[in-house]
Amino acid sequence: MNTFMNVEDLGNLQEALAEAMEIKKNRFAYQHLGKNKTLLMIFFNNSLRTRLSTQKAAMNLGMNVIVLDVNAGAWKLETECGVIMDGDKSEHLLEAIPVMASYCDIIGVRSFAGLTDRKYDYEETVFQQFVKHSGKPVFAMETATVHPLQAFADLITIEEHKTKKRPKVVLTWAPHCKALPQAVPNSFAEWMNKADVDFVITHPHGYELDPKFTGSARVEYDQMKALEGADFVYAKNWSCPGVTNPEDYGKILSKDMAWTIDEKHMAVTDNGKFMHCLPVRRGLIVTDDVIESPNSLVIPEAANREISAEVVIKRMLE
Ligand code: AN0
Ligand code: CP
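Here is what the cut-offs are and how they apply
Residues numbered from 1 in each chain as written. Chains lettered and ligands numbered in written order. Predicted model: local features only at pLDDT ≥ 70, side-chain atom pairs only at ≥ 80, totals over all residues. Heavy atoms only, no water. Domains from an automatic or database assignment. Contact = heavy atoms within 4.5 Å. Buried area = accessible area lost by both parts, 1.4 Å probe. Buried < 20%, exposed > 50% of the residue type's maximum accessible area, 1.4 Å probe, protein only. Helix = DSSP H or I, 4+ residues; strand = E, 2+ residues; numbered from the N terminus. Arc of directions from axis to C-beta. Near = heavy atom within 4 Å. Polar contact = N/O pair within 3.5 Å; in protein donor to acceptor, adjacent residues only side chain to side chain. Areas by Shrake-Rupley, 256 points an atom, 1.4 Å probe, with all protein chains shown as cover. 1 Å grid on protein atoms, 1.4 Å probe; cavity = no way out; pocket = protein on both sides within 12 Å on 5 of 7 lines; lining within 4 Å. Sits in = over half its atoms within 2 Å of the grid points. Nonpolar A, V, L, I, M, F, W, Y, C, P; charged D, E, K, R; others polar. Core = buried A, V, L, I, M, F, W, Y, C linked by side-chain atoms within 4.5 Å. Pairing = 2+ DSSP bridges. Axes fitted to C-alpha atoms, helices over the stretch in contact; angles between N-to-C directions. Right-handed = clockwise from strand over helix to strand, strands pointing away. Expected span 1.5 Å × (residues − 1).

(A) Up close: the domain arrangement of the chain. Entries for the chain in the domain assignment read domain 1 (3–146 + 305–317) and domain 2 (150–302). Computed from C-alpha atoms alone, the centre-to-centre distance between domain 1 and domain 2 is 25 Å. Contacts between the two partners involve 29 residues from domain 1, matched on the other side by 33 residues from domain 2. Contact with domain 2 buries surface across domain 1, with L115, Y122 and R305 losing the most and accounting together for 26% of the total.

Here you go:
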């Protein structure tokens, strides 16, 4: 595998899941693969889980790891092409990428959406420059539009906790005080469409996700109706994807706290499990009692990030 962004990059999803379960049983079985190999993780944005779980996964595989926080210690990087660099950016990505690539064998990139220029974000301008100019395998650690390591870990978690052959999984929008990217819901929708689940998306009007990711997934605008009988409730905030109204791209259209997941919402599910990728703002996305309840999967979900990353890096080493 040379690039990891979309669910198709893994090939057969059932095989990838089986590989994840096998790795989870013995995460040090492939130590030899990474000997004398170096992973470079490049962060343009903050991270707790991705940083730690991906580094741990690479160490499980016997790799050396270098981490670069671009905005803390490196030169500020220009990512746009054809500009006069007379601002605060000292170096262009077009030089920085081949230089960074010369020190490593595999590259992970985190670069969030700017949420101002939909075309720039949805063309994955920054990530694609790494793919094009590094000459190394590159994987997404949340890019402008996708977070595949998260979606893969979410699917592993659902597989581990489902009590029905085909569980009902509901992706629900929830309110937030800041404009957040669509990467997590985009990838979650993409992966759920490929999984053996009954998938429903619910959000206020105007928050329609890009059909490139949602395909023909069912959208139910009545949140309570969507949650009825759910086995898994996957909460996430996202800003306006600009599908129905391009000028609203990246804006907050609603802060309706009636969408916050509380006991009343969970009561209509079928003993549903609560999921969120974290970091989560309590009181906005979810109430304390729901996230602290025995039905909350947020911790095992985060722990599975180590497993999804290990499958991806292992395949790149092979
Ligand atoms: C990011 C997001 O919503 O995409 C990262 C989630 C993994 N969240 C925040 O910036 C709070
Ligand atoms: N879920 C996730 O990617 O968390 P971080 O932003 O902390 O890496």
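Okay, back to it.
(B) Structural detail: helix 5 (residues 125–134). For helix 5, every residue scored as buried is listed here: V126, F127, Q129, F130 and S134. Buried residues in helix 5, looked at end-on, bunch into an arc of 155°, giving them a common side.

(C) Fine view of the site of ligand 1. Taken together, the neighbourhood of ligand 1 is formed by F112, E142, H147, L180, P181, K236, C277 and L278. Here E142 contributes a side-chain N or O atom positioned 2.6 Å from an oxygen atom of ligand 1. Contacts to ligand 1 include K236, whose side-chain N or O atom sits 2.7 Å from an oxygen atom. In isolation ligand 1 has 330 Å² of accessible area, and contact with the protein removes 84% of it. In this structure the site holding ligand 1 corresponds to the largest pocket. For the shell around ligand 1, the per-class residue count stands at five nonpolar, one polar and two charged.

(D) Quick look at the nonpolar core. Core analysis: the largest hydrophobic core is formed by 54 residues, its most contacted members being F139, F152, W191, F199 and I313. Both of domain 1 (3–146 + 305–317) and domain 2 (150–302) provide at least three residues apiece to this core. F199 has contacts with V169, L171, F188, A189, M192, N193, A217 and R218, leaving out every residue within four places of it along the chain. By size, the runner-up hydrophobic cluster in this structure holds 26 residues, among which are A96, M100, A113 and Y249.

(E) Main features of the sheet that holds strand 9 (residues 198–202). Reading across from one edge, 10-9-8-11-12 is the order of the five strands in this open sheet, with parallel pairing throughout. This sheet does not close on itself; its edge strands, each paired only once, are strand 10 (218–219) and strand 12 (273–275). Relative to strand 11 (residues 232–236), strand 8 (residues 168–173) runs parallel, the two being bridged by five bridges. Along strand 11, the bridge assignment pairs V170 with V233. Contacting strand 8, strand 11 and strand 12, helix 6 (residues 148–161) runs over the sheet at an angle of about 155° to strand 11. Lying over the sheet, helix 7 (residues 183–194) contacts strand 8, strand 9 and strand 11, oriented at roughly 155° with respect to strand 9.

(F) Focus on the site of ligand 2. If you check the shell around ligand 2, you find S47, L48, R49, T50, R110, H147, Q150, C277, L278 and R305 and nothing else. Between ligand 2 and L48, the relevant distance is 2.7 Å, taken from an oxygen atom to a main-chain nitrogen or oxygen of the residue. C277 places a main-chain nitrogen or oxygen 3.0 Å from a nitrogen atom of ligand 2. Coverage of ligand 2 by the protein chains reaches 94% of its 250 Å² of free accessible surface.

(G) View of the pairing of strand 3 (residues 64–69). In terms of strand pairing, strand 2 (residues 38–43) meets strand 3 through six bridges, oriented parallel. Its bridge partner lying in strand 3, F43 is registered against D69. For the crossover from strand 2 across helix 2 (residues 49–60) to strand 3, the handedness is right-handed.

(H) Summary view of helix 7. Compared with the 16 Å implied by 1.5 Å per residue over twelve residues, the 17 Å span of helix 7 between its first and last C-alpha is a close match. Taking burial as the measure, the twelve residues of helix 7 include ten buried ones, the bulk of the element. Inspection of helix 7 places A183, V184, P185, N186, S187, F188, A189, E190, W191 and M192 among the buried residues, and these make up the whole buried set.

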